[in-house]
Amino acid sequence: ENITEFILLGLFSNADVKTPCSVIFSLCYLAILSGNLAILLTIRGSHLGEQPMYFFLSYLSFVDVCFTSTVAPKLIIDLLVQWNTISFSGCMSQMFHAHFFGATEIFILVAMAYDRYVAICRSLHYVVIMSRRACYILVMTAVIGVFIHSLMHVLIMIQLPFCDPNQMDHYFCDVFPLLELACTDTRLLKIIIVTTTGVLSILTFVALVISYVIILSTLRTRSSEGRHKALSTCGSHIMVVLMFFLPLIFTYVPMTDSVSNDKVFALFYTMIAPLFNPLIYTMRNADMKNAMKKVWDPHKLLEGT
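Residues numbered from 1 in each chain as written. Predicted model: local features only at pLDDT ≥ 70, side-chain atom pairs only at ≥ 80, totals over all residues. Heavy atoms only, no water.

As recorded in an unreviewed UniProt entry, the protein goes by the name Olfactory receptor, listed as coming from Sciurus carolinensis. UniProt annotates the protein under Sequence similarities (unreviewed entry) with the comment "Belongs to the G-protein coupled receptor 1 family." (UniProt positions renumbered as here; feature names shortened; annotations may be inferred.)

Here is the structure:
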């Protein structure tokens, strides 16, 4: 008979580290929520939202919060109470949302790279190419494409028979750990998922790297002040792209059959990248710092209450 729930084996088998780790992850999760929401509210509360770069950054912050919220609360609770079951429907829902928000993040990072490319390499046409309508079309196209991608994964999984054992060597429901548990031959499905998700990740990453190489080579002809500002912005983007994409590629282009490595890589794109994104974008960005000072000015906040 088909099983109705899975047991998540989680990140650690050692019971002694579970409670300290749940505290650390709780603090990380709070930092992710507060950091990304601060960026989101700063952009929405200032004139920065009119610029396409910050329009996309506000969506990136929103998606980061959603993506981490798909995984982190369950992980923290499982570590604390060591009650690691998840229902079949809960598992499918978690997998859908993880893929949905993860893939949306990929497209937003691509849109941000495209925005920087247009700003630096096609600056005279920037206002026309990156109009507000174009920005909304980019976001909507990404969301529709990603919804179909995530739904396909769920539809594939629902068709598979699952029987004992129902223990999943992961801390959230993902495609490969689920395929390991299916009591049927899933080699073909693994190949399909590696070629779609894995190759898509690699191609996107390569496209992003090429776009930044073009941008950086174009900057050589600019004045030193213009070059410095553009380099600072692109530097932030490149750091975020590396932190998000490299673990993703290692997960979806398996070098070995080990799922335990995937757990560590998954931690990077579900917890660590969303934690550092707000820091990377605010520490290196003068416009963002100034907007934060204005929006979060204590005198203004007191007047507003």
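From this point, things continue past the structure.
According to UniProt, the feature "transmembrane region" (unreviewed entry) maps to residues 23–43, 55–76, 96–114, 135–158, 191–219, 231–252 and 264–283 in the numbering used here. Across residues 23–43, the secondary structure splits into 100% helix and 0% strand, with the terminal C-alpha atoms separated by 30 Å. For residues 264–283, the helix share is 100%, the strand share is 0%, and the end-to-end C-alpha distance is 27 Å. (Helix = DSSP H or I, 4+ residues; strand = E, 2+ residues; numbered from the N terminus.)

So, on to the packing of aromatic side chains. The way to describe two aromatic rings as a pair is by their centre distance and the angle between their planes. Here the structure, examined in full by the defined rule, presents 16 aromatic pairs. Between Tyr171 and Phe172 the ring centres are 5.2 Å apart and the planes differ by 65°, which places this aromatic pair in the edge-to-face class. With respect to class, Tyr171 is no different from Phe172; both count as buried. The ring centre of Tyr59 lies 5.7 Å from the NZ or CZ of Arg44, which sits over that ring. (Phe/Tyr/Trp six-rings, centres within 6.5 Å; stacked < 30°, edge-to-face > 60°. Buried < 20%, exposed > 50% of the residue type's maximum accessible area, 1.4 Å probe, protein only. Lys NZ or Arg CZ within 6 Å of the ring centre and 35° of its normal.)

What follows concerns the packing of helix H2 (residues 52–81) against helix H5 (residues 132–159). Two elements in contact, H2 and H5, have axes whose closest approach is 10 Å; the angle formed by their N-to-C orientations is 30°. Taken together, the axes of H2 and H5 lie roughly parallel to each other. Considering only the axes of H2 and H5, their crossing is right-handed. Here Pro52, Phe55, Phe56 and Tyr59 of H2 come into contact with H5, specifically with Arg132, Cys135, Tyr136, Leu138 and Val139. (Axes fitted to C-alpha atoms, helices over the stretch in contact; angles between N-to-C directions. Parallel < 35°, antiparallel > 145°, perpendicular 65-115°, else oblique. Left-handed = near helix turned anticlockwise from the far one by under 90°. Contact = heavy atoms within 4.5 Å.)

Moving on: the state of the cysteines. Taken as a whole and judged by the stated rule, the model has two disulfides. In this model Cys91 forms its disulfide with Cys173; the gap between the sulfur atoms is 2.0 Å. On the S-S bond that ties Cys91 to Cys173, the torsion sits near -115°, and the link is left-handed. Within this pair, whereas Cys91 is found in helix H3 (residues 88–121), its partner Cys173 is found in the loop between strand S3 (167–168) and helix H6 (175–181), the two being separated by 82 residues in sequence. This pair shows no difference in class: Cys91 is buried, exactly as Cys173 is. Listing the disulfide partners of the protein by sequence rank of the bonded cysteines yields 1-3, 2-4. The thiol sulfur of Cys28 is not disulfide-bonded, and the nearest other cysteine sulfur, from Cys21, lies at 9.9 Å. (Disulfide = S-S within 2.5 Å.)

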